[in-house]
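Structure assessment
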Amino acid sequence: MIATRMMKTDKYEWAYHLLCWILPLIISCLPFADHQYGPAGAWCWVKDWPWRLGIWYGPLFAIIFLLFFAYIYIIYVVSRQVSTWEGTYDPDVERRKVMLKEDIKPLRGYPFVYLAVSVFPLINRIQNAIHHEPVFALLVLHVISSPLHGALNAIVFGMDRETMSKLTPSQIKIAFQSHTTKKAMIREYPPVIEPDDPQEIETEGTEQ
């Protein structure tokens, strides 16, 4: 909504917390109803395949395809906003055009990251459901690809031109120093006007 409707989303923070904490908690508690938690191979504690599909792989790939749709919609709307701006030349408007173009570039990679790291685990689990004897190659691909979410997202994030410009040794050194060194404290003191001659105070006191 920030990119497409130019709206601030701070007021929806409570809904984000409900969606990101309450919903996963409810889904993770569902297998307790059927005693489905138990040894089930690498990175899984749900024993039966229908439960795995219902509470993990089904929602996972639904969210991945929703990500594709959402990012395509954002890219389309932002590109349309950039191309339809009219009027006289305004440096602020031109700068905003460039910023919008740069902001939507990294978005193209994130859905592919989630899809790439989720394909082999899904194939491996389907094979486990059909044949109880695991295939070593699929298990290796599953083990290698599952932990790569963070690393690949970091690579996509680093491919941004502005981010790459800040990944120089000098910029990294400055970033570390800003976190390790003590910050300078700026204090304000009220101005105090002192008389040049102390006798002036005594004279004013006697006159009053």
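Residues numbered from 1 in each chain as written. Predicted model: local features only at pLDDT ≥ 70, side-chain atom pairs only at ≥ 80, totals over all residues. Heavy atoms only, no water.

1. Quick word on the nonpolar core
Across soluble globular proteins, you tend to see nonpolar side chains buried next to one another. Counting 9 residues, the largest nonpolar core consists of Tyr71, Ile75, Val78, Leu100, Ile104, Leu107, Tyr110, Val113 and Val156. Of all elements in the fold, only helix H2 (49–84), helix H3 (91–104) and helix H4 (110–130) reach the threshold of two or more residues within this core. Here this core gets 3 residues from one element, more than from any other, and that element is H2. When residues no more than four places from it in sequence are discounted, the contact partners of Ile75 are Ile104 and Arg108. With 6 residues, the next largest nonpolar core counts Leu60, Ile64, Phe68 and Leu122 among its residues. (Core = buried A, V, L, I, M, F, W, Y, C linked by side-chain atoms within 4.5 Å. Buried < 20%, exposed > 50% of the residue type's maximum accessible area, 1.4 Å probe, protein only. Helix = DSSP H or I, 4+ residues; strand = E, 2+ residues; numbered from the N terminus. Contact = heavy atoms within 4.5 Å.)

2. Digging into the packing of H4 against helix H5 (residues 136–145)
Here H4 crosses H5 at 145°, and the two axes come no closer than 8 Å. For the element pair H4 and H5, the recorded crossing hand is left-handed. On H5, the residues that touch Val117, Phe120, Pro121, Ile123, Asn124, Arg125 and Gln127 of H4 are Leu138, Leu139, Leu141, His142 and Ser145. Per-class residue counts for the contact of H4 with H5 are 7 nonpolar, 4 polar and 1 charged. (Axes fitted to C-alpha atoms, helices over the stretch in contact; angles between N-to-C directions. Left-handed = near helix turned anticlockwise from the far one by under 90°. Nonpolar A, V, L, I, M, F, W, Y, C, P; charged D, E, K, R; others polar.)

3. Here's the deal with the packing of aromatic side chains
Any aromatic ring pair is given by two values, namely how distant the centres are and how the planes are angled relative to each other. Taken as a whole and judged by the stated rule, the model has 3 aromatic pairs. Judged by centre distance (6.5 Å) and plane angle (75°), the ring pair of Trp56 and Tyr57 falls under edge-to-face. Between the aromatic rings of Phe68 and Phe112, the centroid separation amounts to 5.1 Å while the plane-to-plane angle is 90°, which identifies the pairing as edge-to-face. Here Phe68 is found in helix H2, whereas its partner Phe112 is found in helix H4, with 44 residues between them in sequence. (Phe/Tyr/Trp six-rings, centres within 6.5 Å; stacked < 30°, edge-to-face > 60°.)

4. What about the layout of surface pockets?
Space inside the largest pocket adds up to approximately 940 Å³. Among the elements that make up the lining of the largest pocket, the one with the highest residue count is H2 (9 residues). Residues that form the lining of the largest pocket fall into these classes: 22 nonpolar, 5 polar and 2 charged. (1 Å grid on protein atoms, 1.4 Å probe; cavity = no way out; pocket = protein on both sides within 12 Å on 5 of 7 lines; lining within 4 Å. Points joined across faces, edges and corners; volume = space filled by probe spheres on them.)

5. Looking at the confidence of the model for the protein chain
When pLDDT is averaged along the protein chain, the result is 76; 73% of the residues meet or exceed 70. Looking over the protein chain, one finds the lowest element-wise mean pLDDT in helix H9 (residues 198–207), namely 50, and the highest in H5, namely 88. (pLDDT = per-residue confidence, 0-100.)

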